[in-house]
Amino acid sequence: MTTTAVAFDQVSKAYGEVRAVDGLTLSLHPGQTVALLGPNGAGKSTTLDLLLGLKQPDSGSVRLFGTSPREAIVAGRVGAMLQSGGLMDEVTVAEIVGLACDLHPKPYKANDVLARAGITQIADRKVNKLSGGQAQRVRFALATAGDSDLIVLDEPTTGMDVTTRQAFWATMREQADQGRTVLFATHYLEEADAVADRVLVLHRGRLLADGTAAEIKAKAGARRISFDLEGPIDPDALRELPFLAHLSVSGSTVRIQSSDADATVHALYGLGLYPRNLEVAGLGLEQAFVAITEAEEARTS
């Protein structure tokens, strides 16, 4: 890939003593679907604001398709769906989508935009009468009112039901397959695992991990062990197992995270325990995310 859609070069942004973004360097390319993850306060919203030109960096540079964010947006190359900012009241869905299409330099037909967002049936409804999930779909329609090269989404599926979320991500995959860059911030880590080609993990404004979901899971360096035990369970004895990263006991079920699953299971039998329904598997993206960020907190505290 020779074209760079997004380029952050040593970008920093502070609010008083708080460094929301701290020396961030990254590049995104056409056709990628990229998930931006991080705990609250990690700098995700500030990063998106800098990308969209809503805030200016204290140092470093942000470029979209080789130009400034403002130039790229004016040219119609960027569509955005943000959490902040409301929708105009007392206008219909069709009217607000039609306005977005009229304003876009490379607009789609309004009826096509309504259909893609799954809101044709509510086109005549006033915006202030929409449910949370319906309002999210309208915001998505506004973000895709024209032929943009970069689509930026901040918590896009909040309030959507399961069926609507699946349809939404199918549409986003189509956008990426057509060569567009899709960047989304989400707290639904299962979505990032299922949808993203690339996962970025921010922590205190720094890029902590960058790779595929599988690479992020491997970076956590731990595996999940789960099993059932008969009779009373002594958590203190289980905490003595080697390479233990996390332990939870729920009824007769024990769940462990271990940095060396083979050694942990061997020691389990050495305690004279006989686990039933033993399962050993890699971490899911959510568990890997927690493990990576907790390890960084421990390192920097």
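Rules used throughout
Position numbers for residues count from 1 along each chain, tracking the sequence in the order it is written. Local features are withheld for residues below a pLDDT of 70 in this predicted model, meaning they are given only at 70 or higher, and side-chain atom pairs are given and counted only at 80 or more; totals for whole chains, interfaces and linings count all residues. Neither water nor hydrogens contribute to the side-chain values; these are computed over all heavy atoms in the structure. For helices the rule is a DSSP run of H or I covering at least 4 residues; for strands it is a run of E covering at least 2, with both sets numbered from the N terminus onward. Only protein chains enter the accessibility calculation, which uses a 1.4 Å probe. A residue is then buried if its area is under 20% of the maximum for its type, exposed if over 50%, and partly exposed in between. Any two residues whose heavy atoms approach within 4.5 Å at even a single point are treated as in contact. Residue burial considers only the protein chains on display, and all accessible areas are found by Shrake-Rupley using a 1.4 Å probe. Lining residues are those with an atom within 4 Å of a point, where the points come from a 1 Å grid over the protein atoms alone and group into cavities, where a 1.4 Å probe fits but cannot get out, or pockets, open sets with protein on both sides within 12 Å along at least five of seven lines. Grid points are joined across faces, edges and corners, and a volume is the space filled by probe spheres set on the points. Throughout, the ten residues Ala, Val, Leu, Ile, Met, Phe, Trp, Tyr, Cys and Pro are labelled nonpolar, Asp, Glu, Lys and Arg are labelled charged, and all others, Gly among them, are labelled polar. A helix is expected to span 1.5 Å for every residue after the first. Directions drawn from the helix axis to the C-beta atoms are what define this arc. The set of buried Ala, Val, Leu, Ile, Met, Phe, Trp, Tyr and Cys residues whose side-chain atoms join them within 4.5 Å is what this entry labels a nonpolar core. Here, strands pair whenever DSSP counts at least two bridges between them. Counting of polar contacts relies on pairs of N or O atoms within 3.5 Å, with two restrictions inside protein: one atom must be capable of donating a hydrogen and the other of accepting it, and residues adjacent in sequence are counted only when both atoms are side-chain atoms.

Undergrad: Please set out the overall build of the protein chain residue by residue, giving values where relevant.
TA: Looking only at helices and strands, the protein chain has 11 helices and 13 strands in total. Evaluated residue by residue, the protein chain yields a buried proportion of 47% over its 301 residues. Restricting to contacts in the protein chain with at least 6 residues of sequence separation, those with at least 24 account for 69%. Accessible area of the protein chain: about 14,900 Å², with a carbon and sulfur share of 48%.

Undergrad: Please set out the layout of surface pockets residue by residue, giving values where relevant.
TA: Quantified by volume, the largest pocket comes out at close to 690 Å³. Lining the largest pocket are 25 residues, and of these Val-78, Gly-79, Ala-80, Leu-142 and Ala-143 sit closest to its centre. Mapped onto the lining of the largest pocket, the elements with two or more residues apiece are β5 (78–81), α3 (93–103) and α5 (132–143). In this structure, the second largest pocket spans a volume of roughly 240 Å³. Lining the second largest pocket are Ala-220, Gly-221, Ala-222, Ala-245, His-246, Gln-257, Ser-259, Gln-287, Val-290, Ala-291, Glu-294 and Ala-295. Secondary-structure elements contributing two or more residues to the lining of the second largest pocket are β11 (244–250) and α11 (285–300). For the lining of the second largest pocket, the element with the highest residue contribution is α11, accounting for 5 residues. When the residues that make up the lining of the second largest pocket are grouped by side-chain class, the tally is 6 nonpolar, 5 polar and 1 charged.

Undergrad: Residues and numbers for α11, please.
TA: Its 16 residues place the ends of α11 22 Å apart at the C-alpha level, agreeing with the 22 Å of an ideal helix rising 1.5 Å per residue. Taken together, the buried positions of α11 are Leu-285, Ala-288, Phe-289, Ile-292, Thr-293 and Glu-296. Taken end-on, α11 shows its buried residues confined to a sector of 120°, consistent with a single buried face. Projecting away from the buried face of α11 at angles above 90 degrees are the exposed residues Glu-294 and Ala-298. As for α11, its buried residues are in contact with β3 (33–37), α7 (189–195), β8 (198–203), β9 (206–211) and α8 (213–220).

Undergrad: Outline empty space enclosed by the protein, supporting the account with residue identities and numerical values.
TA: On inspection of all chains with the given rule, the structure shows 2 cavities of 30 Å³ or more. Of the voids in this model, the largest cavity is the one considered here, and its volume is about 50 Å³. Elements with a contribution of two residues or more to the lining of the largest cavity: β2 (18–28) and α1 (44–51). Among the residues making up the lining of the largest cavity, the classes are represented as 7 nonpolar, 1 polar and no charged. Of the pockets and cavities examined, the second largest cavity occupies roughly 40 Å³. Looking at the lining of the second largest cavity residue by residue, the class counts come to 3 nonpolar, 4 polar and 1 charged.

Undergrad: Please set out the environment of Asp-177 residue by residue, giving values where relevant.
TA: Mapped onto the secondary structure, Asp-177 falls in helix α6 (residues 162–177). The sequence separation of Asp-177 and Pro-242 amounts to 65 residues, and the corresponding C-alpha distance is 46 Å.

Undergrad: Hey, could you go over the nonpolar core for me, with residue numbers and the actual values?
TA: Core analysis: the biggest nonpolar cluster contains 50 residues, and Leu-37, Val-97, Ile-119, Leu-153, Met-172 and Val-199 have the highest contact counts within it. Grouped together as the second largest cluster of nonpolar side chains are 27 residues, Val-6, Val-62, Val-78 and Leu-150 included.

Undergrad: Summarise the environment of Pro-235; cite the residues concerned and give the values.
TA: Mapping Pro-235 onto the fold places it in helix α9 (residues 235–238). Remark: the alpha-carbon pair of Pro-235 and Ser-248, spanning 13 residues in sequence, is separated by 8.4 Å.

Undergrad: So what about the pairing of strand β1 (residues 6–15)? Which residues, and what values?
TA: Across 5 bridges, the pairing between β1 and strand β4 (residues 59–64) is antiparallel. Each residue of the ladder has a partner; that of Ser-12, found in β4, is Ser-59. Judged from the 7 bridges that link them, β1 and β2 form a sheet pairing that is antiparallel. Residue pairing for β2: Tyr-15 is matched across the bridge by Val-18. Hairpin connection between β1 and β2: a loop of 2 residues separates the two successive antiparallel strands, and Gly-16 in this loop has a positive phi of roughly 65°.

Undergrad: Just give me the short version of the side chain of Ser-258, but keep the residues and values in it.
TA: With respect to the secondary-structure elements, Ser-258 resides in strand β12 (residues 253–258). Looking at Ser-258, the relative accessible area reads 1%, which means it is buried. There is a polar contact of 3.3 Å between the side chain of Ser-258 and the backbone oxygen of Phe-243. Engagement of the side chain of Ser-258 in a polar contact is seen with the backbone nitrogen of Asp-260, the distance being 3.0 Å.

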